[in-house]
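Chain residues, written in single-letter form:
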Amino acid sequence: MTDGRYYASLLMEDGIEKPEASGEGKAIGIDLGLTDFAVTSDGSKYQNPRHFKKHERNLKRKQCKLSRKKDKTTSNRRKAKKALARVHSKISRVREDYLHKLSRKIVNENQVVVMENLAVKNMVKNHTLAKVISDVGWGTFCTMLKYKAEQEGKIYLEVGRFFPSSHLCSNTLLHVPKMGLSIRMFDCPHCGQRHDRDTNAAINIRNEGLRILSLGTSDTALGGSVRPKRYGRKSTTVAATPDELGSPCFIA
Ligand SMILES: [Zn+2]
């Protein structure tokens, strides 16, 4: 590794087959965002640790130090390069640790885990957001949830990226009026309840996942391009409007 450390990675075949997946048990929906890293349908909020920001000053200092060492052959330059690589490596290990712990907790507590299909790769093409998105590690998080769930005979599934999770009342499934990003709670015109915006989205994601499961069509629905027909044409325009940073799948 460029940071001068050695990492061991072991892969073992234990001969144990993956248990048959069962949907019997508690189900959870997860809404990913930038303000809170994850909000779940049971109302829990997990803050985004912003590892990168915390280490950014240190990173900048090490970068400056390196750029001042013009002569490429000196050992001082080599040292500065190594110091910089160490900060990068520290950030990614802290982030990975956080994601491992959170995904472990969620899989332990639930039988069915439902996420939005993020199409993270597409979003990272958007340069202004690329840094913060790859920093929060959504893609890694989904991968971890998936393999941890599958190892234990649990179900991980993704609902299509055009599912308007943020734009439906989770009680009535009716469309709620558009609102600005700053509005985190709203009084629902349909059911009269006060909804937390992100929790409401997470509940919609969970319910949509359970609906797909009950239809037994998860294979086709996992592709992300499959849009549930019952939301009709209108949901396409709703989903395509980049009006909400909090729901990453709307950023094309
Ligand atoms: Zn409502």
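First, a word on what this report is: a plain description of the structure on this page. (Residues numbered from 1 in each chain as written. Predicted model: local features only at pLDDT ≥ 70, side-chain atom pairs only at ≥ 80, totals over all residues. Heavy atoms only, no water.)

1. Some remarks on the pairing of strand 5 (residues 155-159)
Here is step 1: The buried count for strand 5 comes to five of five residues, which makes it a mostly enclosed element.
Here is step 2: Covered by surrounding structure in strand 5 are Ile-155, Leu-157 and Val-159 together with Tyr-156 and Glu-158, the residues of both alternating faces. (Buried < 20%, exposed > 50% of the residue type's maximum accessible area, 1.4 Å probe, protein only. Helix = DSSP H or I, 4+ residues; strand = E, 2+ residues; numbered from the N terminus.)

2. Overview of the coordination of the zinc ion
In a perfect tetrahedron of four donors around a metal, the angles come out at 109.5 degrees. In a perfect octahedron of six, they are 90 or 180 degrees.
Here is step 1: Around the zinc ion, the protein contributes the donor atoms Cys-169 (SG), Cys-188 (SG), Cys-191 (SG) and His-195 (NE2), at 2.2 to 2.3 Å from the metal centre.
Here is step 2: For the zinc ion, the four donor atoms in the first shell make angles of 100 to 117° at the metal, so the coordination geometry reads as tetrahedral.
Here is step 3: Here the donor residues for the zinc ion map to a single chain with the spacing C-x18-C-x2-C-x3-H. One end of the pair, Cys-169, is in the loop between strand 5 and strand 6 (185-187); the other, Cys-188, is in the loop between strand 6 and strand 7 (194-196), with 19 residues separating them in the sequence. Per residue, the accessibility class of Cys-169 equals that of Cys-188, and both read buried. (Donors = N, O, S within 2.8 Å, 3.2 Å for Na, K, Ca; no water. Tetrahedral: all angles 85-135°; square planar, octahedral: opposite > 155°, others 65-115°.)

3. Digging into unusual backbone geometry
Here is step 1: A positive phi angle is found at Leu-173, which is not glycine, with a value near 65°.
Here is step 2: Within the secondary structure layout, Leu-173 lies in the loop between strand 5 and strand 6.

4. Regarding the pattern of salt bridges
Here is step 1: In this structure the tally under the stated criterion is 10 salt bridges.
Here is step 2: Asp-97 is the partner of Lys-101 in a salt bridge, and the nearest nitrogen-oxygen pair spans 2.9 Å. Pair noted here: Lys-101 and Asp-97 are both in helix 2 (residues 75-109), with a separation of four residues, about one helical turn.
Here is step 3: On the accessibility criterion, Lys-101 (56% relative accessible area) is exposed. (Salt bridge = Lys/Arg side-chain N within 4 Å of Asp/Glu carboxyl O.)

5. Section: the packing of aromatic side chains
Here is step 1: With the rule as written, the count across this model stands at two aromatic pairs.
Here is step 2: Considering the side-chain rings of Phe-37 and Tyr-98, the 6.0 Å spacing of their centres and the 75° angle between planes classify their relative orientation as edge-to-face. With Phe-37 in strand 2 (residues 36-40) and Tyr-98 in helix 2, this residue pair connects regions lying 61 residues apart in the sequence.
Here is step 3: With a relative accessible area of 0%, Phe-37 lands in the buried category.
Here is step 4: Ring centres 5.0 Å apart and planes at 70° place the aromatic pair Phe-37 and Phe-141 in the edge-to-face group. Here Phe-37 is found in strand 2, whereas its partner Phe-141 is found in helix 5 (residues 138-151), with 104 residues between them in sequence. Each member of the pair, Phe-37 together with Phe-141, is buried.
Here is step 5: By the ring-pair criterion, three or more aromatic residues cluster together here, those being Phe-37, Tyr-98 and Phe-141. (Phe/Tyr/Trp six-rings, centres within 6.5 Å; stacked < 30°, edge-to-face > 60°.)

No statement about biological role is implied by the geometric values presented.
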